[in-house]
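In case you want the letters, here they are:
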Amino acid sequence: MLIGRIQTQRVHNQVRTLRNQMRMKEKELAEYIGVPIERIREIEAGEEATLAELRDIAVVLDTSVRNILEKNYFPLQNTFWGHVGIQPLESDRFLWYPITADTRKIIWQEMEEKYQVIPCMNNKVLLLNMDKIAEIVLLDDASDQPSFANWDPQVDCGGTPLVFYEALDDYLMYQEMGEEPPEDIISGKLKICLENFRKKWGDDEIYYRDELQIYCPNGKVKQRDICLGENENISTNIFHIYAFGGDVVDEKFFYGEDLNGAECFFNIENISMIEVSLVKMEEALEQSVEMS
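Residues numbered from 1 in each chain as written. Predicted model: local features only at pLDDT ≥ 70, side-chain atom pairs only at ≥ 80, totals over all residues. Heavy atoms only, no water.

> Which residues make up the packing of aromatic side chains, and what values do they have?
All told, the structure shown has 10 aromatic pairs when counted by the stated rule. Centre to centre, the rings of F164 and F197 are 5.7 Å apart; their planes meet at 70 degrees, and the pair counts as edge-to-face. A residue pair is termed long-range when its members are at least 10 positions apart, and F164 in helix α7 (residues 162–177) and F197 in helix α8 (residues 188–207) qualify at 33 residues. According to the relative accessible area criterion, F164 is buried, its value standing at 9%. Accessibility expressed as a relative area gives 7% for F197, which makes it buried. Through pairs of rings, three or more aromatic residues link up here, namely Y73, F74, F239 and Y242. (Phe/Tyr/Trp six-rings, centres within 6.5 Å; stacked < 30°, edge-to-face > 60°. Helix = DSSP H or I, 4+ residues; strand = E, 2+ residues; numbered from the N terminus. Buried < 20%, exposed > 50% of the residue type's maximum accessible area, 1.4 Å probe, protein only.)

> Which residues make up the pattern of salt bridges, and what are the values?
Applying the stated criterion across every chain yields a total of 15 salt bridges. With its nearest N and O atoms 3.6 Å apart, the salt bridge here joins R16 to E44. Of the two residues, R16 sits in helix α1 (residues 11–21) while E44 sits in helix α3 (residues 37–44), which places them 28 residues apart along the sequence. Judged by relative accessible area, E44 falls into the buried class, the value being 0%. (Salt bridge = Lys/Arg side-chain N within 4 Å of Asp/Glu carboxyl O.)

> Give me the lowdown on the nonpolar core, citing residues and values where you can.
In terms of nonpolar packing, the biggest core is built from 59 residues, with L127, I234 and M281 touching the most fellow members. Apart from the residues within four sequence positions on either side, I234 is in contact with L212, I226, L228, F254, Y255, G256, F266 and V276. Y97, I107, L128 and Y215 belong to the second-largest nonpolar core, a separate cluster that totals 14 residues. (Core = buried A, V, L, I, M, F, W, Y, C linked by side-chain atoms within 4.5 Å. Contact = heavy atoms within 4.5 Å.)

> Now, about the state of the cysteines: what can you tell me, with residues and values included?
Chemically, a disulfide is nothing more than a covalent bond linking the sulfur atoms of two cysteines. The tally for this structure, following the rule as stated, stands at zero disulfides. Looking at the unpaired C264, the closest cysteine sulfur is the one in C227, lying at 9.9 Å. By relative accessible area, C264 is classed as buried at 14%. (Disulfide = S-S within 2.5 Å.)

> Requested: an account of α7, with residues and values cited.
Given a rise of 1.5 Å per residue, 16 residues ought to cover 22 Å, and the 24 Å separating the end C-alpha atoms of α7 matches this to within 8%. α7 sits mainly inside the fold: 12 of its 16 residues count as buried. Every buried residue of α7 is accounted for by L162, V163, F164, Y165, E166, A167, L168, D169, D170, Y171, L172 and Y174. Two residues or fewer past α7, G178 is found with a positive phi of approximately 70 degrees. (Expected span 1.5 Å × (residues − 1).)

As structure tokens, this is what we get:
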């Protein structure tokens, strides 16, 4: 969770870079977020910015505050290529996720690894135990729907900026307290966006979005409300596999503590796939670095 004001000494590099990548002028960005053009120039020059300002900029630039501040651990997931379908070993159903073209290349390159990590465009990171996967399908957005696999025409295409997921905890906290969020944390514009986001997906999806999903070879799903960043090795193991390859981790059991204090150990060799929140995982990785 990000709260309050942030000193952004390096933010000007990423804001300007991302804005230029979108071929957007300073004036356009200023108009979109409702500030004078001079304010954009100040932020790009490295002056202090409120969290609300950074979040509004992230919405317009289709990114995250973490990426703007160059604190992201995974590449930005914002250019839709198509979907990856994953079939657990003993299941007859595929699980579909939106991915970028770069992620598609990674899937190809890592196909023979023991474990593979796939960052997705819907705020998910997947850890695959390749010995427990029956089939993987890569489906270009221009392709026809596959006749051999269960396909959901409503499957997520990853059009939600990651900053929405970053800001949800703050938004929900103030909602539960019955208070309006401070303007330097969540702007009025972003509040409306988050309200619409909540209406679109429903409270169940919103409140359980961060739960760890464990997919068994037979297709059954176990849900655990694991506190990433506290007494767990899941986030670091997944990132080490992503960064250094599928053979870098030799631990048989991944573990974590849930919100009720239960210490849970998962035998990764008997699991087909683990699904975690990308935003929560990056927060946990940053926390582990700060504690080390």
